[in-house]
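Geometric and topological summary
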Amino acid sequence: LNATYPENVDDENPLFIIDKPYRVGCCCCPATNCMGRNYMEVYVGGVCLGSVREKCMCNCRVAYAVYDTNDQLLCSVERCACYCECMDVKFEILTPDGEETGKTISKLFGGWMKEMFTTNDNFQVEFPDFMNTIPKKLLMICAAMMIEFRHFEKKDN
């Protein structure tokens, strides 16, 4: 997956690029290794702003870590592995120390008709106070895209 905005390929200076290299998905390997878990990087002007990495959790939770360009942990995004798609699905945003922020990344329930007959999903990202710069906000949007890709994207057989 490589996402560029705007999508026009002829544009020499896209606003941002999200690169998701192929990963085999082994929970025992780090996300930065090609054998490891899911991993996305965000680029603006050819400069990497940071990454979103799937964490290895063996406690019935799913979790993602958001890192800056210096590989410093900015926050984690977590929730229970079980959820019902017939309501909003919220992922809690935690500080690097694991403290709750009261903010979430949520997949919003679109209603029965929309959920049954379309593939469109809406997400709401609540930015914690410490994620107040544009690069950090872009990384949080990337985390929402990772969540959509991992949990709500329907795969064809």
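Above this text you will find the structure in question.
Read on for a plain summary of the structure. (Residues numbered from 1 in each chain as written. Predicted model: local features only at pLDDT ≥ 70, side-chain atom pairs only at ≥ 80, totals over all residues. Heavy atoms only, no water.)

Side note on the nonpolar core
Core analysis: the largest hydrophobic core is formed by 26 residues, its most contacted members being Val-66, Ile-105 and Met-140. For this core, the elements supplying multiple residues, two or more each, are strand 2 (16-19), strand 3 (39-44), strand 4 (47-54), strand 5 (61-68), strand 6 (73-80), strand 7 (89-94) and helix 2 (134-152). Not counting residues up to four positions away in its chain, the partners in contact with Val-66 are Ser-51, Val-52, Gln-72, Leu-73, Leu-74, Cys-75, Met-131, Leu-139, Met-140 and Ala-143. (Core = buried A, V, L, I, M, F, W, Y, C linked by side-chain atoms within 4.5 Å. Buried < 20%, exposed > 50% of the residue type's maximum accessible area, 1.4 Å probe, protein only. Helix = DSSP H or I, 4+ residues; strand = E, 2+ residues; numbered from the N terminus. Contact = heavy atoms within 4.5 Å.)

Comments concerning the pattern of salt bridges
Applying the stated criterion across every chain yields a total of six salt bridges. The residue Glu-78 makes a salt bridge to Lys-55 at a minimum N-O spacing of 3.7 Å. Placement of Glu-78 in strand 6 and of Lys-55 in the loop between strand 4 and strand 5 is noted, with a sequence separation of 23 residues between them. When its relative accessible area of 11% is taken as the criterion, Glu-78 is described as buried. Owing to a relative accessible area of 29%, Lys-55 belongs among the partly exposed residues under this scheme. Residue Arg-61 is joined to Glu-92 by a salt bridge in which the shortest nitrogen-to-oxygen separation is 4.0 Å. Remark: Glu-92 occurs in strand 7 and Arg-61 occurs in strand 5; sequence separation between them is 31 residues. (Salt bridge = Lys/Arg side-chain N within 4 Å of Asp/Glu carboxyl O.)

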